[in-house]
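Coordinate analysis (summary)
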Amino acid sequence: MKTSKKIVLKLPHGLVNQPVVYKLAKDYRLEFNILKAYITPKEEGLLILEITGNKDDCDKGIEYLITCGVDVQLVSHEIKRIEEKCTHCGLCVGLCPTGALYVNIKSRKVDFIGEKCTACGMCVKACPVQAMEGNF
Ligand code: SF4
Ligand code: SF4
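Heads up: these notes are all about the structure in this document. (Residues numbered from 1 in each chain as written. Chains lettered and ligands numbered in written order. Predicted model: local features only at pLDDT ≥ 70, side-chain atom pairs only at ≥ 80, totals over all residues. Heavy atoms only, no water.)

So, on to the site of ligand 1. Not every one of the 13 residues close to ligand 1 is listed here, only the nearest: Cys86, Cys89, Gly90, Cys92 and Cys127. Counted by class, the shell around ligand 1 contains ten nonpolar, three polar and no charged residues. (Near = heavy atom within 4 Å. Nonpolar A, V, L, I, M, F, W, Y, C, P; charged D, E, K, R; others polar.)

To continue, consider the packing of helix H1 (residues 20-28) against helix H2 (residues 55-67). For the pair H1 and H2, the least separation of the axes is 10 Å and the interaxial angle reads 145°. Considering how the two elements wind past one another, H1 and H2 form a crossing that is right-handed. Residues Val20, Lys23, Leu24 and Tyr28 of H1 form the contact with H2, whose own contacting residues are Asp57, Lys60, Gly61, Tyr64 and Leu65. Here the residues of the contact of H1 with H2 are counted per class, giving five nonpolar, one polar and three charged. (Axes fitted to C-alpha atoms, helices over the stretch in contact; angles between N-to-C directions. Helix = DSSP H or I, 4+ residues; strand = E, 2+ residues; numbered from the N terminus. Left-handed = near helix turned anticlockwise from the far one by under 90°. Contact = heavy atoms within 4.5 Å.)

Attention now goes to the packing of aromatic side chains. Summed over all chains, the structure comprises one aromatic pair. Aromatic pair Tyr28 and Tyr64: ring centres 5.6 Å apart, planes at 35°, arrangement tilted. Residue Tyr28 is located in helix H1, and its partner Tyr64 is located in helix H2; the two are separated by 36 residues in the primary sequence. According to the relative accessible area criterion, Tyr64 is buried, its value standing at 17%. (Phe/Tyr/Trp six-rings, centres within 6.5 Å; stacked < 30°, edge-to-face > 60°. Buried < 20%, exposed > 50% of the residue type's maximum accessible area, 1.4 Å probe, protein only.)

See the structure below:
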């Protein structure tokens, strides 16, 4: 039976140009859909993938990625910001690994780009007024 998993891959600098994701299809028969892909300010590759295949192949594919040195997280939640609560204190900006939270230079307020968020949860833990919420 086929299963689908949404995963976040953090590829260290040296792996960014390696065909590790391609091998998921070639060696583990997984279909994958790239939902988001970008390079972080630390020059790591960040990918959010939906992989589909039989459970064994999914597990083996994930194991393969980990063996290659890829940091793999399962995504099972989503993050949203409660605008009225945010005081734009900026505490979360330095913690966000993907730049999803950043200071808008024009407005001098903290903006949130949901498409860049990998739901790591760092901001949820750090926000002093609980403006960031996740359905963990
Ligand atoms: S830590 Fe919370 S209150 Fe401060 S800018 Fe971030 S979301 Fe807004
Ligand atoms: S959960 Fe918060 S800290 Fe993590 S990527 Fe999303 S916005 Fe950034």
